[in-house]
Amino acid sequence: MSRWRQALPRPSRAAAKAPATPAATVEGTPAGAAGWRAVVWPTALTLGAVTVLAVGALQRLPVTVVALAATAALVTIIRGAIAFLAIRRLALARRPAHVDDLTGLTNRAGFVAALRSALGEAGPVPAQGCRLAAAAPERQFALLVIGLDRFQLVNDGLGHQAGDEVLIAASRRVAATLCPAAAVVARLGGDEFAVLLAGVDGPAARRAGRRARAVLTATPYSVGSLRVPVSASVGVALYPDHATDADGLLQRANAALGTAKRRRSGIEEYQPASDDGPLELSLIESLRVGLREDQIEVHFQPKVDLATGQVRAVEALARWRHPARGLLPPRTFVPLAEHAGLMPALTTLMLDRSCAQAARWRDAGLDVTVAVNVSATDLLDLAFTEQVRSVLAAHGLRPGSLELELTETTLMHDRARAAAVLHALHDDGVAIAVDDFGTGYSALGYLGGHFPVDVLKLDRTFVGRLDHDDDARAIVRSTVELAHDLRLRVVAEGVETRRSLELLRQFGCDAAQGYLVGEPVPADTLTRWLEPAATLTVTRR
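Just so it is clear, the structure is predicted and the values come from calculations on it, not from any experiment.

Considering the overall build of the chain
- What the chain contains, in helices and strands, is 22 helices and 18 strands.
- Summarising the internal contacts of the chain: among those between residues at least 6 apart in sequence, 69% fall at separations of at least 24.
- Here the chain displays about 25,000 Å² of accessible surface, and carbon together with sulfur accounts for 55% of that area.

What about the pattern of salt bridges?
- In this structure the tally under the stated criterion is 20 salt bridges.
- Between Arg-321 and Glu-297 there is a salt bridge; the shortest N-O distance is 2.8 Å. Linking Arg-321 in strand S11 (residues 311-322) with Glu-297 in strand S10 (residues 296-305), this pair joins segments that are 24 residues apart in sequence.
- Residue class for Arg-321 comes out partly exposed when judged on its relative accessible area of 41%.
- Taking relative accessible area as the criterion, Glu-297 reaches 25% and is therefore assigned partly exposed.
- Bridged by salt links that share partners, the residues Lys-303, Glu-315, Glu-403, Glu-405, Lys-457 and Glu-493 form one connected network.

Quick notes on the nonpolar core
- In this structure, Trp-361 and Leu-404 are the most contacted members of the largest nonpolar core, which totals 78 residues.
- Per-element accounting of this core gives the leading share, 9 residues, to helix H13 (residues 343-363).
- When neighbours within four sequence positions are excluded, Trp-361 is seen to be in contact with Phe-300, Val-314, Leu-366, Val-368, Val-370, Ala-523, Leu-526, Thr-527 and Leu-530.
- In this structure, Val-154, Ala-170, Val-195 and Leu-216 belong to the second largest nonpolar core, which totals 33 residues.

With respect to the packing of helix H20 (residues 470-485) against helix H21 (residues 498-507)
- The contact between H20 and H21 brings their axes to 9 Å, and the two run at 40°. With respect to H21, the axis of H20 lies oblique. In terms of crossing hand, the pair formed by H20 and H21 is right-handed. Mapping the contact onto sequence places Arg-473, Val-476, Arg-477 and Val-480 in H20 and Leu-503, Leu-504 and Phe-507 in H21.
- Across the contact of H20 with H21, the residue classes tally to 5 nonpolar, no polar and 2 charged.

Points about the confidence of the model for the chain
- For the chain, the mean per-residue pLDDT works out to 78, and 72% of the residues sit at or above 70.
- Across residues 1-36, confidence stays below pLDDT 50; counting only partners more than four residues off in sequence or on other chains, it has 80 contacts.
- In this model residues 123-138 is a low-confidence stretch, pLDDT under 50, and it forms 49 contacts with partners more than four residues away in sequence or in other chains.

Let's talk about the packing of aromatic side chains
- Taken as a whole, this structure holds 3 aromatic pairs when the rule is applied.
- For the pair Trp-320 and Phe-333, a centre-to-centre distance of 5.8 Å together with 75° between the ring planes defines the contact as edge-to-face. In this pair, Trp-320 sits in strand S11 while Phe-333 sits in the loop between strand S12 (326-328) and helix H12 (334-340), placing the two residues 13 residues apart along the sequence. Comparing Trp-320 with Phe-333 shows no difference in burial state: the two are buried.
- Above the plane of the ring of Tyr-221 lies Arg-173, whose end atom (NZ or CZ) is 3.8 Å from the centre.

Looking at the side chain of Gln-513
- For Gln-513, the location among the structural elements is in the loop between strand S18 (511-512) and helix H22 (523-526).
- Leave out the neighbours within four places in its chain, and Gln-513 touches Gln-301, Pro-302, Lys-303, Glu-315, Lys-457, Val-491, Ala-492, Glu-493, Gly-494 and Val-495.

Describing the packing of H13 against helix H15 (residues 384-394)
- Taken N-terminus to C-terminus, the directions of H13 and H15 make an angle of 25°; their axes are 9 Å apart at the nearest point. The angle between H13 and H15 falls in the class roughly parallel. You can see that H13 and H15 cross each other, and the crossing is right-handed. In contact with Thr-347, Thr-348, Leu-351, Asp-352 and Cys-355 of H13, H15 contributes Phe-384, Gln-387, Val-388, Val-391 and Leu-392.
- When its residues are assigned to classes, the contact of H13 with H15 shows 6 nonpolar, 3 polar and 1 charged.

How each quantity is defined
Residues numbered from 1 in each chain as written. Predicted model: local features only at pLDDT ≥ 70, side-chain atom pairs only at ≥ 80, totals over all residues. Heavy atoms only, no water. Helix = DSSP H or I, 4+ residues; strand = E, 2+ residues; numbered from the N terminus. Contact = heavy atoms within 4.5 Å. Areas by Shrake-Rupley, 256 points an atom, 1.4 Å probe, with all protein chains shown as cover. Salt bridge = Lys/Arg side-chain N within 4 Å of Asp/Glu carboxyl O. Buried < 20%, exposed > 50% of the residue type's maximum accessible area, 1.4 Å probe, protein only. Core = buried A, V, L, I, M, F, W, Y, C linked by side-chain atoms within 4.5 Å. Axes fitted to C-alpha atoms, helices over the stretch in contact; angles between N-to-C directions. Parallel < 35°, antiparallel > 145°, perpendicular 65-115°, else oblique. Left-handed = near helix turned anticlockwise from the far one by under 90°. Nonpolar A, V, L, I, M, F, W, Y, C, P; charged D, E, K, R; others polar. pLDDT = per-residue confidence, 0-100. Phe/Tyr/Trp six-rings, centres within 6.5 Å; stacked < 30°, edge-to-face > 60°. Lys NZ or Arg CZ within 6 Å of the ring centre and 35° of its normal.

Here is the structure:
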């Protein structure tokens, strides 16, 4: 293993600690040497002129000869300095050919060249001063492609300078965590990084990916006075298991990254069918059939009132009863629905089924508010407001029985249109909730000032850290206080421990939702939680 670590390029110590710049090279020659070679002849001529001046001082040469020699020496020195500076600038301009300007890591071109050399497809490559040896066929390699999730929100919300600061900090975390085990750590561009590991198998590669993801997401990034939380996803591809060439390996790792982002699973190893276009098209067509043939089920997750312990609100969540693959969660098919233009049909189904169930609970004497998730596509539909009104009227429900949940990202797609639609529905009495609050970097005052918000749902990113993170506690406590000052109710998502639940009670949070409270279940199973005398009994951690 030591021989391979020596043969393969690794990020310099400077690259791991700061956005450093490696020594410049021109065709493998140090920039300083290239500059000095350019002034050899001017230097020789200068020495000749100085010699003439020295002889003139001893032998009293004519003044004209001495003046010409002095002028020649001065002109030669100036010309040589100009040539030296010009060639040095040229050398420095060529230096970043394989180096990322922002982070100091190897860039995409350098990484691809390094990968090809490692796999025996090319000769030595000048990447940060490293030289690569061809890989023996029996050797194993793992390629990790790491992407920051929804990073565009950082650039859009805080500006590109803030985004650059986060990328620099992220590059340091990755390099510091995976070096010296990593053969190469690179920035592929945008918010994506790549790591090449030598001599590791699938389990070891996944462990490395989990370490990288953990260090990237463990603590928020400091940007001025702000602390910005960022999540990450990792795709893993193995040589020679998944591909035997550099382009194929990169393609497989990127496909695995796409799967990890789509499933929100954090890390995925490439599966032969994971990027199969025909398979995705087949799933989309199956989803069309599923929407027509009653394969979509609605499960409900309870929200417990932290003051009374009673459940008076639920969130409706879609489940796809696939004929071959069983019960599928939303993350496996909602992105497909968005991609294929099926979200209006899915939202219509969810609204109708949810309101029908709310009407059944009302007829049984149970007062329950049902929350339904709404996408950006829905808010851009001119008929959406009337659609909601029609569904409520069809089931004889008052508007207050329905709550629409939208993410900050959804609201920002078309702010003017979203505000108009939501104000119309809010004026009717429909409640509006902002989901995943804290991940979109919008100010609470801005949201409240532009949109008719009733409920704020704290993202699980913060709630899940309450047990052990003082910063998370401070953020949640202050957010609850500010929300209450703005007359908003606060619901905490992702509550999974008794300690978190107790802290939320202490902070004055209004309601909690998560596996500690209850998992999403069919309506019949949930009804017992909705009895007037029923209160929450924690049976889990």
